[in-house]
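Residue-level structure breakdown
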Amino acid sequence: MNIKKLLIIGILVLSTLTQCEDVLETENIYSYDSELVWQSEDLANAYLANLYSIFGNWSASADNTSEQITGMPFYEGLVTVINGSYKNWDYSRIRLINQAIEDVNSGTLDQEIKDEITGQALFMRAYKYFDMVVYHGGVPYITTPQDRYEDDLMVSRNSTAECFDLIEQDLLDAIELLPQSIPASSDVYGKIDQNFALAFYAKVMLYKASPQFNPSNPWSNQYWETAYTVNKQAYDDLTAQGYGLIEDYADLFLDERNNETVFAVVNTYPNKTAAWDHGVRPGSESRGPASACPTWEFVQEFPMLDGKLYNDPTSDYFMTDEEFLQNFWENRDPRFNKSVVWNASVYEVSGKAGHRQYTSLGIAHELDDYGINPEANINSTNLNRYSGFFVKKASDLSLTQAEVQQYDVDYVVMRFAEVMLNYAEAANETGKSTEALEILKQLRERAGIEPGSGNNFGITATTTEEVREAIIAERNIEFCFEGHRFWDLRRLRMLDRLDGISKHGVEAIAINENGTEMAISTAKAQADANELLPSDFEYSLLITPYTGTQISSVPDTYYFFPISQSSIDANGNLEQNVDWGGSFNPTLE
């Protein structure tokens, strides 16, 4: 039975159980009839399938916490001990996972089925606790389903070191029980296997060695060698099984179940869809305004075709800031064209061959426009949310406007490119920069960047520090809009790169050949015929959001978020983090 069917059964199971005397619901998860669930393979799998929601799904706003996307999510006073911002304290789900681990082994299912379910649940427990530790540092690592009437619930926080040890043990135990690989053709594709568990274990070890958890010894602490060993093992093992980079970056997600996908959440319309296309498309091609738009600051960070930045004097495509603003789409890293939509670029959305997307005020559709040009004689309503750019990456352009909410592309939780870059980072920090550079070259070759002198693909880094920066930059581009950037900077204690920044968009105004402004009526007629090219416009910068908060505030206290005061009030044995008025050290030091 495939995972999609299990999800449907899971909903039916929960619906049935809520009608019984013993119910399985968040507010009453301490009493349910285990004989009903753990004596049936279908019901046991359905119970587990409902827990797969921990892996999330597509989110258009995944990177709005970075410079990549418009909006100012960080402002002074955003995170406090008394509000719910950036709190991760999901013990209801931990309770359900622990219940599965305990009860499945008391049932009558075949041992092979028990082992598989236990392996998945152990992985989920490690995955969820890791999430909580990344947010807060050490948390109470509870491994049994507590009874609120019989058990002592006033537990203390495990140290961060203890939590990492327990996460590691859960993952190693899970790996022993899980199948090595679940092929793309399998009916149960979408379940956790050893390959995903190993790749995730390697990621956990990278975090353990990271500056976030080792602030006084960020780059030469005792954990880096283990991080290297495990990440190299993950890279080697998956490579040997046929995982690798697919040929075309544009097909990363649309070509589902490819050999770059390590683990994916399976979506299928109408049973399970995702909020991606109707979150990133221009409003005229969606069901409302786009909720995520790339910034000018991020557009600048894409390399040129030779792999160097536009303002690098050694680049074959060097431009001044002024020249770049008027020609930013020319000779770019091909990932730019495959990830971003800009004014007058070809954007064959809804199957419209040759369609160009315009953003110029007075020319573009009112749900797409961006600018303040007084000659347009109208005001844009998009100045606080748009930027003159839209996200193309992962968008299913074959969907018509009426179908946009039917988006059901599988959500890739981890792909092999992440395994590669995690390995590269660990290799560089353990004196193996040559291995790290080889990984970067592979990614840039796949991207379509020119090999250049010495087949270095524009990479000039030689020292450990320079290679580190090259890896950070590559992650920023390779994983754009996938929700990595903020967490990468936080893991590396580089949040100061987001502190104090303002974000900008680009207004486009159509011009004649002599440089004068084109009449709006003329420009609109030509745009309606897809005749205006990007070079037929003059560009200028506007701050976005145009009104309201415009400066990002990301203090050092955000390297570990506080435990909610309500949780501490409910359990007097919980200590608050040191940076938030408490005595608990959330690092490994």
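Preceding block: the structure.
Right, let's walk through the structure included here. Residue positions are given per chain, counting from 1 as you read along its sequence in written order. Note on the predicted model: pLDDT of at least 70 is required for a residue's local features to be given, and 80 or more for side-chain atom pairs to be given and counted; whole-chain, interface and lining totals, by contrast, use all residues. To obtain the side-chain values, all non-hydrogen atoms of the structure were included, while hydrogens and water were left out.

1. Considering the packing of aromatic side chains
The pairing test for Phe, Tyr and Trp rings, Trp by its six-membered ring, is centres within 6.5 Å, and the orientation test on the planes gives stacked under 30 degrees, edge-to-face over 60, and tilted for anything in between. Here the structure, examined in full by the defined rule, presents 50 aromatic pairs. Arranged with centres 6.2 Å apart and planes meeting at 40°, the rings of Phe-55 and Phe-123 form a pair that is tilted. Of this pair, Phe-55 sits in the loop between helix H3 (41-51) and helix H4 (91-104) while Phe-123 sits in helix H5 (residues 111-136), and the two are 68 residues apart along the sequence. The buried label goes to any residue with under 20% of its type's maximum accessible area, the exposed label to any with over 50%, and the partly exposed label to all in between, with areas taken from a 1.4 Å probe on protein chains only. For Phe-55, a relative accessible area of 4% corresponds to the buried category. Using a relative accessible area of 0% as the deciding quantity, one classes Phe-123 as buried. Between the aromatic rings of Trp-58 and Trp-276, the centroid separation amounts to 5.0 Å while the plane-to-plane angle is 45°, which identifies the pairing as tilted. Here Trp-58, found in the loop between H3 and H4, pairs with Trp-276, found in the loop between strand S1 (261-265) and helix H9 (277-280); they are 218 residues apart in sequence, far enough to count as distant. Residue Trp-276 is classed as buried on the basis of its relative accessible area of 1%. An aromatic cluster of three or more residues is present, and its members are Tyr-52, Phe-55, Phe-123, Tyr-127, Phe-130, Phe-196, Phe-200, Tyr-207 and Phe-263. Two conditions define a charge located above a ring, namely a distance within 6 Å from the ring centre to NZ of Lys or CZ of Arg, and an angle within 35 degrees of the ring normal. Between Arg-332 and the ring centre of Phe-336, over which it is positioned, the NZ or CZ distance is 4.8 Å. Positioned above the aromatic ring of Tyr-228 is the side chain of Lys-432, whose terminal nitrogen or guanidinium carbon lies 4.2 Å from the ring centre. What counts as a helix is a DSSP run of H or I of at least four residues, what counts as a strand is a run of E of at least two, and both are numbered from the N terminus.

2. Some remarks on the nonpolar core
If you look at soluble globular proteins, the nonpolar side chains tend to sit buried side by side. Formed by 162 residues in total, the largest nonpolar core has its most connected members in Phe-55, Phe-123, Phe-196 and Phe-328. Top contributing element to this core by residue count: H5, with 14 residues. Any two residues having at least one pair of non-hydrogen atoms within 4.5 Å are treated as being in contact. Phe-123 has contacts with Phe-55, Leu-171, Ala-174, Ile-192, Phe-196, Ala-197 and Phe-200, leaving out every residue within four places of it along the chain. Buried Ala, Val, Leu, Ile, Met, Phe, Trp, Tyr and Cys residues that are joined via side-chain atoms within 4.5 Å together make up what is termed a nonpolar core. Counting 11 residues, the second-largest nonpolar core is a separate cluster that includes Cys-293, Val-349, Phe-390 and Leu-397.

3. Observations concerning the packing of H3 against H5
An axis is simply a line fitted to the C-alpha atoms; with a helix, the fit covers only the stretch in contact. Between two such axes, the angle follows the N-to-C directions and lies from 0 to 180 degrees. At a minimum axis separation of 11 Å, H3 and H5 run at an interaxial angle of 10°. By the angle between their directions, the pair H3 and H5 is classed as roughly parallel. Residue-level inspection shows Glu-41, Ala-44, Asn-45, Leu-48 and Leu-51 of H3 in contact with H5, the latter providing Ile-113, Ile-117, Gln-120, Ala-121 and Met-124. Of the residues belonging to the contact of H3 with H5, the class tally is 7 nonpolar, 2 polar and 1 charged. Roughly parallel covers angles under 35 degrees, roughly antiparallel covers those over 145, roughly perpendicular covers 65 to 115, and oblique covers all other angles. By the convention adopted, Pro, Cys, Tyr, Trp, Phe, Met, Ile, Leu, Val and Ala count as nonpolar, Lys, Arg, Asp and Glu as charged, and the other residues, Gly among them, as polar.

4. Examining unusual backbone geometry
What is expected of a backbone is that most residues other than glycine have negative phi and most peptide bonds are trans. Cis geometry is found at the peptide bond from Tyr-269 to Pro-270, where omega equals 5°. Residue Pro-545 follows Thr-544 across a cis peptide bond; omega there is 5°. The residue Phe-457 is not glycine, and still its phi comes out positive at about 55°. Secondary-structure assignment places Phe-457 in the loop between helix H14 (433-447) and helix H15 (464-478). The backbone of Asn-530 shows a phi angle near 60°, a positive value even though the residue is not glycine. Residue placement: Asn-530 occurs in the loop between helix H17 (520-528) and strand S8 (537-543).

5. Describing the environment of Leu-489
Residue placement: Leu-489 occurs in helix H16 (residues 485-491). The spacing of Leu-489 and Tyr-310 is 179 residues in sequence and 23 Å in space, taken between C-alpha atoms. In this view, Leu-489 contacts Met-494, Leu-495, Arg-497, Leu-498 and Tyr-559; residues no more than four positions away in its chain are not counted.

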